[in-house]
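As a plain string of letters, each chain reads:
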Amino acid sequence: VVRGGDEGAVAQVWPLVVDSPAWRDLLDRIGRRDEPFVQRLFERELSRALRLDAGDRGGDEQAEQLDTLRLHLAARGDRAALAALVANAPSRSAPFLRRCRQRVPSVSAEQAAALLTAAFVGDDPEQASELLEWAASSQPAGTTDALWEFWQNPPADNPMVEELCATVARLLLAGTRRDDL
């Protein structure tokens, strides 16, 4: 039903999908579909979930589920969903951020700057790397200067400086500053 059911069939099983332990996979399967009703379904679910108390579904899991819905909506061009997704990015896992970069490859210059800032102040090197990748792949011209500045003057007080420098070097090598390295 999730892969090929019509709107009525999917609507009928929707409560089972969002309450299932396998909700990540089920939302991804539905999210791959391009029928207009999928977007409406995701918008209704996001709206409904935002009205509920966060404690109803366990806090962190609910937040991740909301961001998964936002990811699918952002991939369909929803700017509000993308703004919330970028705002929440510093609290998401590296694999989730990788999916964000793949599904929503374009963010605004301001959003890319926010992703860079979050990467430079975070405490998880894998997550920071994914934040940098998303920002740099989306806005290569707008992020090069910030990456170069970090490369030239890495903060001595950042415990992840080595990991960040490795990612920054790789991103700079792939861009216009290759010859400067």
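Our subject is the structure that appears above.
Keep in mind that this is a model prediction, so the values were computed, not measured.

What counts, and where the lines are drawn
- Residues numbered from 1 in each chain as written.
- Predicted model: local features only at pLDDT ≥ 70, side-chain atom pairs only at ≥ 80, totals over all residues.
- Heavy atoms only, no water.
- Helix = DSSP H or I, 4+ residues; strand = E, 2+ residues; numbered from the N terminus.
- Buried < 20%, exposed > 50% of the residue type's maximum accessible area, 1.4 Å probe, protein only.
- Contact = heavy atoms within 4.5 Å.
- Lys, Arg positive; Asp, Glu negative; His and termini not counted.
- Charge placed at Lys NZ, Arg CZ, Asp CG, Glu CD.
- Phe/Tyr/Trp six-rings, centres within 6.5 Å; stacked < 30°, edge-to-face > 60°.
- Polar contact = N/O pair within 3.5 Å; in protein donor to acceptor, adjacent residues only side chain to side chain.
- Expected span 1.5 Å × (residues − 1).
- Salt bridge = Lys/Arg side-chain N within 4 Å of Asp/Glu carboxyl O.

## Structural notes on the overall build of the protein chain
In step 1: Each helix and strand counted, the protein chain has ten helices and zero strands in total.
In step 2: Looking at the 181 residues of the protein chain, the share that counts as buried comes to 43%.
In step 3: For the protein chain, the proportion of contacts with a sequence separation of at least 24, taken over those separated by at least 6, is 65%.
In step 4: The averaged location of the 29 negative side-chain charges in the protein chain is 7 Å from the averaged location of its 21 positive side-chain charges.

## Here we look at the packing of aromatic side chains
In step 1: Inspection of the entire model under this criterion finds two aromatic pairs.
In step 2: Both rings, one in tryptophan 14 and one in phenylalanine 42, keep their centres 6.0 Å apart while their planes meet at 45°; by these two values the pair is tilted. Of this pair, tryptophan 14 sits in helix α1 (residues 7–18) while phenylalanine 42 sits in helix α3 (residues 36–51), and the two are 28 residues apart along the sequence.
In step 3: For tryptophan 14, a relative accessible area of 7% gives the class buried.
In step 4: A ring pair is formed by phenylalanine 120 and phenylalanine 150, whose centres lie 4.5 Å apart and whose planes are at 5°; its orientation type is stacked. Of this pair, phenylalanine 120 sits in helix α7 (residues 109–121) while phenylalanine 150 sits in helix α9 (residues 140–152), placing them 30 residues apart in sequence.
In step 5: Overall, phenylalanine 120 belongs to the buried group, its relative accessible area being 19%.

## Focus: the side chain of asparagine 158
In step 1: Here asparagine 158 is to be found in the loop between α9 and α10 (161–173).
In step 2: Engagement of the side chain of asparagine 158 in a polar contact is seen with the backbone nitrogen of methionine 160, the distance being 2.7 Å.
In step 3: The contact partners of asparagine 158, leaving out residues within four places of it in the chain, are Phe120 and Leu164.

## What to know about α10
In step 1: An ideal rise of 1.5 Å per residue puts 18 Å on 13 residues; α10 measures up with 18 Å between its terminal C-alpha atoms.
In step 2: For α10, the full list of buried residues reads Val161, Leu164, Cys165, Thr167, Val168, Ala169, Leu171 and Leu172.

## Some details on the pattern of salt bridges
In step 1: Evaluation of the coordinates by the stated rule reveals 13 salt bridges.
In step 2: Aspartate 180 serves as the salt-bridge partner of arginine 177, at 3.2 Å between the closest nitrogen and oxygen.
In step 3: Arginine 177 sits in the partly exposed class, given a relative accessible area of 21%.
In step 4: Taken together, the salt bridges that share partners define one network made up of Arg98, Arg101, Glu126 and Glu130.

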